[in-house]
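Geometric and topological summary
Take a look at the letters that make up each chain.
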Amino acid sequence: MRLKDLQKLGLALVLPGLLSGCVGSNVLTGMLLEKNVEAVDNRYARGGLNIALSPVYAFTLMGDAMVLNSIEFWTGTHPITGSPHVFDSDVDTWLEVNDMVDEPLRSAPLPPLTLAE
């Protein structure tokens with residue numbers, strides 16, 4: 001197999017996860033933010049801590065966007081919290097299309113992942 005073919009194959013395997021993972025509940029980043037808020041009681045100190053932690057936020061956002069949100073999107077359930085994906089929220093919508101699409105296109109295609117106990 002040529003290098004160009006390997007690159008295409010790699011892109012075909014990685015791209016769906018990256019494209020679908022950009023939206024989700026960002027639980028890892030939320031957990032870091034929660035710890036930031038709990039660290040000190042002053043809003044300005046929290047702001048300073050937030051700036052100091054910005055490199056860590058970059059890593060948590062990447063982990064959320066590329067891994068956890070992708071798993072959440074494809075399984076319909078977040079692997080850490082077990083909460084449903086934001087796209088599966090029951091809200092008032094402007095456009096109703098579920099009745100016009102086949103059943104398999106109405107929910108996540110993969111079964112939820114569970115952490116081994």
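Model, not experiment: these values are computed from the prediction.

Description of the side chain of Glu 72
- Mapped onto the secondary structure, Glu 72 falls in helix H4 (residues 54–75).
- For the buried Glu 72, no salt bridge exists, and the shortest N-O distance to an oppositely charged side chain is 19 Å, to Lys 35.
- Side-chain polar atoms of Glu 72 contact the side chain of Ser 25, separated by 3.0 Å.
- Apart from the residues within four sequence positions on either side, Glu 72 is in contact with Gly 24, Ser 25, Thr 77, His 78, Pro 79, Pro 84, His 85 and Val 86.

Here we look at the pattern of salt bridges
- The final tally for this structure, using the stated rule, is 2 salt bridges.
- Across the pair Arg 2 and Asp 5 runs a salt bridge whose closest N-O atoms are separated by 3.5 Å.
- Residue class for Asp 5 comes out partly exposed when judged on its relative accessible area of 26%.
- Lys 35 is the partner of Glu 38 in a salt bridge, and the nearest nitrogen-oxygen pair spans 3.5 Å. Separated by 3 residues within a single helix, Glu 38 and Lys 35 lie in helix H2 (residues 27–39), roughly one turn from each other.
- For Glu 38, a relative accessible area of 52% corresponds to the exposed category.

Reading the values: the criteria
Residues numbered from 1 in each chain as written. Predicted model: local features only at pLDDT ≥ 70, side-chain atom pairs only at ≥ 80, totals over all residues. Heavy atoms only, no water. Helix = DSSP H or I, 4+ residues; strand = E, 2+ residues; numbered from the N terminus. Buried < 20%, exposed > 50% of the residue type's maximum accessible area, 1.4 Å probe, protein only. Lys, Arg positive; Asp, Glu negative; His and termini not counted. Salt bridge = Lys/Arg side-chain N within 4 Å of Asp/Glu carboxyl O. Polar contact = N/O pair within 3.5 Å; in protein donor to acceptor, adjacent residues only side chain to side chain. Contact = heavy atoms within 4.5 Å.

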